[in-house]
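# Commentary on secondary and tertiary structure
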Amino acid sequence: IVTISIVGPDFSQSNTCGNSVDAGATCSIDILFDPIEFGNRRGTMTITSNAADSPQTVTLSGMGMGPAVNLSSTSLTFPSQLVTTTSAAKTVVVSSAGDEPLSVSAITLTGPFSENDTCVTAGNINEGATCSITVYFTPLAGGLVPGTITIYDNAYPVQQAIALSGTGSDFAVSLSPTSNSTSAGSSASYTVSVTPISGFSGTVTLGCGGLTAGVSCTFAPGSVTVSGSTAATSMLTVSTTATSALPPGYGSKPTPPGGPRLRILWLLVSILAIASLASFRRAKRLVLLGLAAAALLITALMMPACGGSKPATTTVTEPGTYHFDVTGTSPAGSSQIQQTATFMLVVN
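Residues numbered from 1 in each chain as written. Predicted model: local features only at pLDDT ≥ 70, side-chain atom pairs only at ≥ 80, totals over all residues. Heavy atoms only, no water.

## Points about the overall build of the protein
- The secondary structure content of the protein amounts to two helices and 22 strands.
- Residues counted as buried form 30% of the 348 residues belonging to the protein.
- Pairs at least 24 residues apart make up 63% of the contacts formed inside the protein by residues separated by at least 6 positions.
- Carbon and sulfur atoms provide 57% of the accessible area of the protein, an area that totals close to 19800 Å². (Helix = DSSP H or I, 4+ residues; strand = E, 2+ residues; numbered from the N terminus. Buried < 20%, exposed > 50% of the residue type's maximum accessible area, 1.4 Å probe, protein only. Contact = heavy atoms within 4.5 Å. Areas by Shrake-Rupley, 256 points an atom, 1.4 Å probe, with all protein chains shown as cover.)

Take a look at the structure:
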């Protein structure tokens with residue numbers, strides 16, 4: 001006997017052969033199967049010797065048992081779903097198919113998907129028993145979206161994967177042209193297109209954002225209805241304000257200094273003077289009242305006049321390059337979808 005070797009990590013051997021076996025004698029080779037993974041396992045034992053038909057081979061096979069998982073589905077596909085809303089549930093049933101209890105330690109997801117399950121909290125799941133994973137799809141953007149569920153457990157392999165996919169239904173806003181020019185006091189026009197994505201259907205209300213002083217916008221119409229794959233359009237008119245021709249201060253009327261307040265104070269002085277004459281015999285009081293009247297008069301003369309008006313002003317669109325937004329808003333369940341497109345206006 002030259003060598004006795006085994007290929008395959010699940011098998012090992014011990015023997016009584018030594019280096020030689022006498023004519024007519026025997027020796028034995030004991031094979032130990034210790035699977036490191038679940039399922040069908042294979043190996044080969046090779047005996048090399050001085051025999052004419054050396055080497056001799058023995059094929060080895062065995063079944064690795066233990067916890068095992070069966071999934072009712074390895075992929076889930078969700079139909080078109082309105083962006084920001086949540087789909088109806090899809091469920092995957094997880095079955096314990098091995099000869100040892102199954103234990104699920106964690107379930108993770110990627111993509112805009114969420115889940116509720118009875119597996120992680122179930123503890124040991126005996127052979128033939130099941131648990132379930134309920135999956136929901138909440139797209140955040142239009143188009144096809146992939147995802148994955150990964151199940152971590154004590155079976156082989158230690159991770160099971162479920163492929164997920166869904167389609168988000170949305171719309172896009174665009175302008176033509178994206179840049180336009182005008183002079184102050186005039187207007188510029190743009191065509192706004194609202195294009196459905198993945199079968200979006202609904203009413204989109206249009207609005208402007210980021211407008212500067214002296215600039216306004218109008219849409220005709222103010223909202224559009226889209227469905228299927230055909231875009232709906234609206235005409236956007238952006239208006240500017242010209243320089244005011246009114247002279248500074250036009251329409252204001254100055255008020256004479258002092259005004260009605262000064263007349264009231266003169267009346268008080270007169271009353272105090274009459275009261276002083278009536279109390280002539282009380283000289284000290286006369287002096288005090290006279291001083292008080294003088295103080296009131298001086299205070300009135302020092303007070304600023306009031307009642308004037310500011311010059312008339314108007315808001316003017318200054319020359320320059322401006323960037324504004326068009327927003328499209330549509331209801332989506334208890335929330336709403338809002339998409340934005342930016343355009344440029346040059347005011348000469």
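## Structural notes on the sheet that holds strand S19 (residues 223-226)
- Pairing in this open sheet of five strands is mixed, and the strands run S15-S22-S21-S17-S19 from one edge to the other. The sheet is open, and its two edges are formed by strand S15 (179-182) and S19, each paired on a single side. Put simply, the sheet's adjacent strands are angled 30° from each other on average, direction ignored.
- The pairing of strand S17 (residues 202-209) with S19 spans four bridges and is classified as antiparallel. By the bridge assignment for S19, Gly-202 is matched with Val-226. (Pairing = 2+ DSSP bridges. Axes fitted to C-alpha atoms, helices over the stretch in contact; angles between N-to-C directions.)

## Structural notes on the state of the cysteines
- Scanning the entire structure with this criterion turns up three disulfides.
- The disulfide bridge from Cys-17 ends at Cys-27, spanning 1.9 Å between sulfur atoms. The chirality of the disulfide connecting Cys-17 with Cys-27 is right-handed, given an S-S dihedral of about 75°. In this pair, Cys-17 sits in the loop between strand S2 (11-15) and strand S3 (29-33) while Cys-27 sits in the loop between S2 and S3, placing the two residues 10 residues apart along the sequence.
- Under the relative-accessibility criterion, Cys-17 is labelled buried at 6%.
- Look at Cys-27 and you get partly exposed, because its relative accessible area is 31%. (Disulfide = S-S within 2.5 Å.)

## With respect to the sheet that holds strand S1 (residues 3-7)
- Across the sheet, three strands lie side by side as S1-S4-S5; this open sheet has antiparallel pairing. Lying at the two open borders of the sheet, with one neighbouring strand each, are S1 and strand S5 (56-64). Taken over all neighbouring pairs, the strand axes of this sheet differ in orientation by 20° on average, direction set aside.
- Of the pairings in the sheet, the one linking S1 to strand S4 (residues 39-48) comprises five bridges and is antiparallel in character. Opposite Val-7, over in S4, you have Thr-44 as the bridge partner.

## Digging into unusual backbone geometry
- In this chain, Tyr-156 is followed by Pro-157 through a cis amide linkage whose omega measures -15°.
- On the secondary structure map, Pro-157 appears in the loop between strand S13 (143-153) and strand S14 (159-176).
- That bond from Ser-176 to Pro-177 is cis: its omega, -10°, falls within 30 degrees of zero.
- In this structure, Ser-198 is a non-glycine residue whose phi angle is positive, near 55°.
- Turning to its location among the elements, Ser-198 is positioned in the loop between strand S16 (187-197) and S17.

## Brief notes about the pattern of salt bridges
- This model, assessed by the stated rule, comprises one salt bridge.
- Note that Arg-41 is salt-bridged to Asp-10, the shortest N-O span being 2.8 Å. On the criterion of sequence distance, the pair formed by Arg-41 in strand S4 and Asp-10 in the loop between S1 and S2 is long-range, its members being 31 residues apart.
- A relative accessible area of 16% means that Arg-41 is categorised as buried.
- The class for Asp-10 is buried, based on a relative accessible area of 2%. (Salt bridge = Lys/Arg side-chain N within 4 Å of Asp/Glu carboxyl O.)

## Section: the confidence of the model for the protein
- When pLDDT is averaged across the protein, the result is 86; 79% of the residues are at 70 or more.
- Of all the helices and strands in the protein, helix H2 (residues 283-302) carries the lowest mean pLDDT, 54, while strand S12 (residues 130-137) carries the highest, 98.
- Throughout residues 250-256 the model reports pLDDT below 50, and contacts reaching past four residues in sequence, or to other chains, amount to 10 contacts.
- The low-confidence segment residues 304-309 (pLDDT under 50) makes 12 contacts with residues lying over four places distant or belonging to another chain. (pLDDT = per-residue confidence, 0-100.)

## Here's the deal with the pairing of strand S8 (residues 90-96)
- In terms of strand pairing, strand S6 (residues 69-71) meets S8 through three bridges, oriented antiparallel. Looking at S8, one finds that Val-69 is bridged to Ser-96.

## A few points about the packing of aromatic side chains
- By the definition in use, this model includes eight aromatic pairs.
- Ring geometry for Tyr-190 versus Phe-343: centroids 4.8 Å apart, planes at 55°, classification tilted. Of the two residues, Tyr-190 is situated in strand S16 and Phe-343 in strand S22 (residues 335-347); the sequence distance between them amounts to 153 residues. The exposure classification of Tyr-190 matches that of Phe-343, with both residues buried.
- In this structure an aromatic cluster arises from ring pairing among Tyr-190, Tyr-322, Phe-324 and Phe-343.
- Over the aromatic face of Phe-78 sits the side chain of Lys-90, whose NZ or CZ is 5.8 Å from the ring centroid. (Phe/Tyr/Trp six-rings, centres within 6.5 Å; stacked < 30°, edge-to-face > 60°. Lys NZ or Arg CZ within 6 Å of the ring centre and 35° of its normal.)

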